[in-house]
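Spelled out from the first residue to the last, the chains are:
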Amino acid sequence: MEQNEVLKALQRDHAAELKKAAQRLKGTAKHTEIIASPVLSDMTGHQILLKPENLQVTGSFKIRGAYNKIASLSEDQLARGIVTASAGNHAQGVAYAARERGAKATICMPTITPPLKVDATKAYGADVVLHGDVFDEAAAYAQKLSDEQGMIYVPPFDDYEVICGQGTIAMEILEDVPNVTDIVVPLGGGGLGAGVALAVKTFKPEVRVIGAIPEGSPAFKNSFAAGRVVPADKVVTSAEGVAVKRPGDLTFALLNEFLDDLITVSERDINEMILLMLEKHKLVVEAAGAVSLAALEHLNLRSRKFASAPGPHVVVPIMSGGNIDTVTIGAVIQKGMIARGRIMNFEVELPDLPGQLLKVAQVLAEQRANVIALDHDQFKASGHYTNAVALGVTVETNGPDHIDRVLEALKQAGFDPKRIY
């Protein structure tokens, strides 16, 4: 976005535009209801109330910004058609909003986009064009279509109407949780964070807005440190919804002024929170939606503004989306269970004699460690010419303490187990 466009957007009547966005979204976007989280409250020592945008129409907050942008267009503009680029939630949000407004939508998606997401976007009536190997190539093609055919391009985050649409989330939080002290929001391109921060500082500036990013997506961290937009050299994170190399110019300007703090979380933190939401709340949250949850345990140590604030904290993390495929869920569950000590794999070398496997099984049974998988292989033994067998075992456990007891019991039985994970 050009600097003059950024300055023009910053001078608009934010209160009026946010209220207009909220009015436009009535009857289209859900007013997602706050969910109390006793487990996260106990874990953090603060009152944690969830804002579940994973339960939103299309499974993501993106419908808010997309619809507000498209609803702001004139009939002539709608008649020209809508075009955008996305590999996920923004695509579905634009397709849904365009259908609601009676406009034709063309969505450019990279060729690597999973068929599930392509089909979901088509189901909302959009034309899908697969182009390029990465998002940037698809985005460049979408812009080309806009320039050549006169279609209206709907940006995923760096647009004032899009930002105001996302800001309606904060307006709902302020209405539903009048004693809220902190709102935690994931940052990718910054549209959600900028909208939330803009709304909060417009209507209730004493509430803190804390951003959360994965370690592998450092663009905002680098940009805040430099005082200007600095693209990341690379982005490596499972949270594809916030895997953005370059923040928006307008989103950066708003967040640089209004964001109170920024917290970085690990991939392990993210996976653990996806698993916790499944187990404790029966909620499906995608990796990007779990980034704000992953920040909760680190607020006291990594946010000086949070830690130094007096009085009790009432914290609302925004779960931005829940569009995650079943294969990814399976992988995340396994990683999360390993991280929490719920699955353990070890190797042990046994004499090649009858009954040795039974002895290991008896120790595991006594320790109530449920066997998931066994790999009994003579060729993995340390010496191929010794009478030994390498045994690999994966067991279900009840946490780190249980793992320690299992390994100690194996040692007491005369084995030398080596934990792999």
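Looking up the chain in an unreviewed UniProt entry gives the name L-threonine dehydratase catabolic TdcB, with the organism given as Bifidobacterium thermophilum. Listed in UniProt under the heading Pathway (unreviewed entry), the comment for the chain reads: "Amino-acid degradation; L-threonine degradation via propanoate pathway; propanoate from L-threonine: step 1/4." Note on the chain: under the UniProt heading Subunit (unreviewed entry), the record states "In the native structure, TdcB is in a dimeric form, whereas in the TdcB-AMP complex, it exists in a tetrameric form (dimer of dimers)."

Asker: Lay out the domain arrangement of the chain in plain terms, naming residues and giving numbers.
Answerer: In many reports, interface size means the accessible area that the parts give up when they come together. Here the chain is partitioned into domain 1 (1-58 + 157-327), domain 2 (81-149) and domain 3 (340-417). Computed from C-alpha coordinates alone, the two centres of domain 1 and domain 2 are separated by 24 Å. The interface of domain 1 with domain 2 comprises seven residues on the first partner and six residues on the second. Taken over both partners, the interface formed by domain 1 and domain 2 buries close to 650 Å², and the fraction arising from carbon and sulfur atoms is 50%. The three residues of domain 1 that bury the most area against domain 2 are Thr-28, Thr-58 and Asn-323, which together make up 57% of that side's buried surface. The tally of links from domain 1 across to domain 2 stands at one salt bridge. Between Glu-240 and Lys-117 there is a salt bridge whose closest N-O contact spans 2.1 Å. Counting across the interface, domain 1 meets domain 2 through three residue pairs in polar contact (both at pLDDT 80 or more).

Cut-offs and rules
- Residues numbered from 1 in each chain as written.
- Predicted model: local features only at pLDDT ≥ 70, side-chain atom pairs only at ≥ 80, totals over all residues.
- Heavy atoms only, no water.
- UniProt positions renumbered as here; feature names shortened; annotations may be inferred.
- Domains from an automatic or database assignment.
- Contact = heavy atoms within 4.5 Å.
- Buried area = accessible area lost by both parts, 1.4 Å probe.
- Salt bridge = Lys/Arg side-chain N within 4 Å of Asp/Glu carboxyl O.
- Polar contact = N/O pair within 3.5 Å; in protein donor to acceptor, adjacent residues only side chain to side chain.

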